2 protein chains.
Amino acid sequence: MDFPSKLIQSAVDELAKLPGIGRKTALRLVLHLLKAETEETNDLAAALTKMRQDITYCQYCHNISDTDICSICANPLRDQSSLCVVSDIRDVIAIENTGQYKGLYHVLGGVISPIEGIGPSDLNISSLLERLPNSEVKEVILAISPTMEGDTTSFYITRKLREFGVKITSIARGVPVGGELEYTDEITLGRSIVERTNYNKL
Amino acid sequence: MDFPSKLIQSAVDELAKLPGIGRKTALRLVLHLLKAETEETNDLAAALTKMRQDITYCQYCHNISDTDICSICANPLRDQSSLCVVSDIRDVIAIENTGQYKGLYHVLGGVISPIEGIGPSDLNISSLLERLPNSEVKEVILAISPTMEGDTTSFYITRKLREFGVKITSIARGVPVGGELEYTDEITLGRSIVERTNYNKL
């Protein structure tokens, strides 16, 4: 695609580097910015630059944060005895949005994936092991996606955590709420029977 | 959606103002930028700001341009006797990419739409009428989308252009190349028969 302007060309090129944005979408965004107030473009550019420059990661849980210690770790009202291990910052946001969890987090920064060359040492696992002895954590909840890489990571962490004598649990795998039994794949349906919930305890 | 960082929050807010980008997509883009080099964010922000600040519109054809007169209008090799009227800058890029047109352009900046409150005076029509007498233009090609608003605009311009004694044509409406006759809507198929191409002339 040839553009009548080098300025447009370079703006489209930069936008098209973002995931899921092709050159046609990038051009649409650029033409939108051209039609909108100059302020909108400046605000966008400033927010992105400031975000990238000033963002830090919590030194305890590796969650994104504006300060050295994130608002979750710094909150004394959070349950200090539960630690939820997730692979990504997005998972923290997703779990926070459920409103069902009041404990702490630990962000691994990925999952073990030999194909992509990601080993245990590339993840925030050692800091998890260092963090546990000095904490009040009694239960570690593994909230890692049930893919092959995710399950490998959960298994690896489970083995490493055994010596600490903490309770290790995993988020439940089963039929999604609103899902139909007959359309659920066999492995999920199988696990949902094996790991069935005891309603007497409710 | 609550974010653990105000920096992330404002970056997501700004990105989500763009058309077709919701808050989930915006978060994905922000997390991508966080994982990529700082340079990528800075380059993106700089390209957008510079584009918005320095862009000008060609004083003849209203196409976007880095200079007062765009590269098409300034090119003496372009056919000065044809003028293609389009509604949007995107249409110029689309027609240029076909490589089938070597004449000049005139960008209206929209189409007449009473529902959206866009009248003829909101478009670059008066500059088109001023431009014609002092030019070598012999044929005006109307390349406006065949929607109700587009056809209204074409009709309005045709009436205004009559006094100039130039040839007025419209891009052909018909069955798209690669399209199936049986799946083409009746109006398009009807027009494609009425405005059939004479193969004896080819």
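About the criteria used
- Residues numbered from 1 in each chain as written.
- Chains lettered and ligands numbered in written order.
- Predicted model: local features only at pLDDT ≥ 70, side-chain atom pairs only at ≥ 80, totals over all residues.
- Heavy atoms only, no water.
- Helix = DSSP H or I, 4+ residues; strand = E, 2+ residues; numbered from the N terminus.
- Rg over C-alpha atoms; globule rule 2.2 N^0.38 Å.
- Buried < 20%, exposed > 50% of the residue type's maximum accessible area, 1.4 Å probe, protein only.
- Contact = heavy atoms within 4.5 Å.
- Areas by Shrake-Rupley, 256 points an atom, 1.4 Å probe, with all protein chains shown as cover.
- Least-squares fit on C-alpha atoms with pLDDT ≥ 70 in both.
- UniProt positions renumbered as here; feature names shortened; annotations may be inferred.
- Buried area = accessible area lost by both parts, 1.4 Å probe.
- Salt bridge = Lys/Arg side-chain N within 4 Å of Asp/Glu carboxyl O.
- Polar contact = N/O pair within 3.5 Å; in protein donor to acceptor, adjacent residues only side chain to side chain.
- Pairing = 2+ DSSP bridges.
- Axes fitted to C-alpha atoms, helices over the stretch in contact; angles between N-to-C directions.
- Core = buried A, V, L, I, M, F, W, Y, C linked by side-chain atoms within 4.5 Å.
- Right-handed = clockwise from strand over helix to strand, strands pointing away.
- Expected span 1.5 Å × (residues − 1).

> Account for the overall build of chain A, with residues named and values stated.
In terms of helices and strands, chain A carries seven helices and six strands. For chain A, the succession of helices and strands along the chain, N to C, is α-α-α-β-β-β-α-β-α-β-α-β-α. Here the C-alpha atoms of chain A give a radius of gyration of 22 Å, more than 25% beyond the 17 Å that 2.2 N^0.38 yields for 202 residues. Counting only C-alpha atoms and orienting by the principal axes, one finds that chain A spans roughly 70 × 45 × 35 Å. The buried share among the 202 residues of chain A stands at 40%. Residue pairs in contact within chain A that sit at least 24 positions apart in sequence constitute 45% of those at least 6 positions apart. Summed over all atoms, the accessible surface of chain A reaches about 11700 Å², with 52% contributed by carbon and sulfur.

> Which residues make up the relation of the copies chain A and chain B, and what are the values?
Expressed as a screw transformation, the operator carrying chain A onto chain B has a rotation angle of 180 degrees and an axial translation of 0.0 Å, and the superposed copies differ by an RMSD of 0.1 Å. Seen this way, the second copy is the image of the first under a two-fold rotation axis. Taking C-alpha positions as the reference, the residue of chain A nearest the rotation axis is A:Ala45, at 2.2 Å. A symmetric contact is evident, with 100% of the interface residues of chain A recurring at the interface of chain B.

> Tell me about the UniProt feature "domain: Toprim" (unreviewed entry) in chain A, and name the residues and values.
Annotation from UniProt places "domain: Toprim" (unreviewed entry) at residues 81-176 of chain A. Between the C-alpha atoms that bound residues 81-176 of chain A there is a distance of 28 Å. The span itself is 31% helix and 20% strand.

> Explain the interface of chain A and chain B to me, using residue names and the numbers behind them.
Each side of the interface is counted separately: chain A has 53 residues, and chain B has 53 residues. Carbon and sulfur atoms supply 71% of the area that chain A and chain B bury against each other, a total of about 5100 Å² over both sides. Together, A:Pro4, A:Leu7 and A:Arg52 form the three largest contributors to the area buried by chain A at its contact with chain B, with a combined 14%. Linking chain A to chain B there are two salt bridges. B:Asp88 is the partner of A:Lys35 in a salt bridge, and the nearest nitrogen-oxygen pair spans 3.9 Å.

> Explain the UniProt feature "zinc finger region: C4-type" (unreviewed entry) in chain A residue by residue, including any values.
Under the present numbering, the feature "zinc finger region: C4-type" (unreviewed entry) in UniProt falls on residues 58-73 of chain A. For residues 58-73 of chain A, the end-to-end C-alpha separation is 8 Å, with 0% helix and 12% strand making up the annotated structure.

> So what's going on with the side chain of A:Asp88? Which residues, and what values?
For A:Asp88, the location among the structural elements is in the loop between strand E3 (79-86) and helix H4 (89-98). One polar contact links the side chain of A:Asp88 to the main-chain amide nitrogen of A:Arg90, over a distance of 3.1 Å. Leave out the neighbours within four places in its chain, and A:Asp88 touches A:Val107, B:Leu31 and B:Lys35.

> Can you break down the sheet that holds strand E6 (residues 167-170) of chain A residue by residue, with the values?
Residues and elements named next belong to chain A. Overall, parallel pairing links the four strands, which are arranged E4-E3-E5-E6 in an open sheet. Both edges of this open sheet fall to strand E4 (103-107) and E6, since each of them pairs with a single strand only. Along the sheet, successive strands turn relative to each other by an average axial angle of 25 degrees, direction set aside. Running at roughly 160 degrees to E4, H4 makes contact with E3 and E4 of the sheet. Relative to strand E5 (residues 139-142), helix H6 (residues 148-161) is tilted by about 170 degrees, and along the sheet it contacts E3, E5 and E6.

> Let's hear about the nonpolar core: which residues, and what values?
Core analysis: the biggest nonpolar cluster contains 72 residues, and A:Ile8 and B:Ile8 have the highest contact counts within it. In contact with B:Ile8, not counting residues within four places along its chain, are A:Met51, A:Ile55, A:Ile64, B:Phe3, B:Leu27, B:Val30 and B:Leu34.

> Outline the packing of helix H2 (residues 23-35) of chain A against helix H4 (residues 89-98) of chain B, listing residues and values.
Remark: H2(A) packs on H4(B), axes separated minimally by 11 Å, with the N-to-C direction vectors making an angle of 145 degrees. Residue-level contacts link A:Leu27, A:Arg28 and A:Leu31 of H2(A) to B:Ile89, B:Arg90 and B:Ile93 of H4(B).

> How would you explain the pairing of strand E6 (residues 167-170) of chain B if you had to name every residue and give the values?
All names here are of chain B. Here four bridges tie strand E5 (residues 139-142) to E6, and the two strands are oriented parallel to one another. By the bridge assignment, Glu139 is partnered in E6 with Lys167. Crossover E5 to E6 through helix H6 (residues 148-161) is right-handed.

> Lay out H2(A) in plain terms, naming residues and giving numbers.
Between its first and last C-alpha atoms H2(A) spans 18 Å; for 13 residues at 1.5 Å apiece the expected length is 18 Å, and the two agree. Buried within H2(A) are the following residues: A:Ala26, A:Leu27, A:Leu29, A:Val30, A:Leu31, A:Leu33 and A:Leu34. Buried positions along H2(A) lie against helix H1 (6-15) and helix H3 (38-54) of chain A together with helix H3 (38-54), strand E1 (56-57), strand E2 (64-65) and H4 of chain B.

> I'd like a rundown of the side chain of A:Ser65, residues and numbers included.
Residue and element names in this part refer to chain A. Within the element layout of this structure, Ser65 appears in strand E2 (residues 64-65). Using a relative accessible area of 1% as the deciding quantity, one classes Ser65 as buried. Separated by 2.7 Å, the side chain of Ser65 and the backbone oxygen of Thr67 make a polar contact.

> A description of the environment of B:Ser145 should follow, citing residues and the corresponding values.
All names here are of chain B. Locating Ser145 in the fold gives a position in the loop between E5 and H6. Ser145 gets classed as partly exposed once you look at its relative accessible area, which sits at 41%. Setting aside anything within four residues of it in sequence, one finds Ser145 in contact with Gly150, Asp151 and Arg173.

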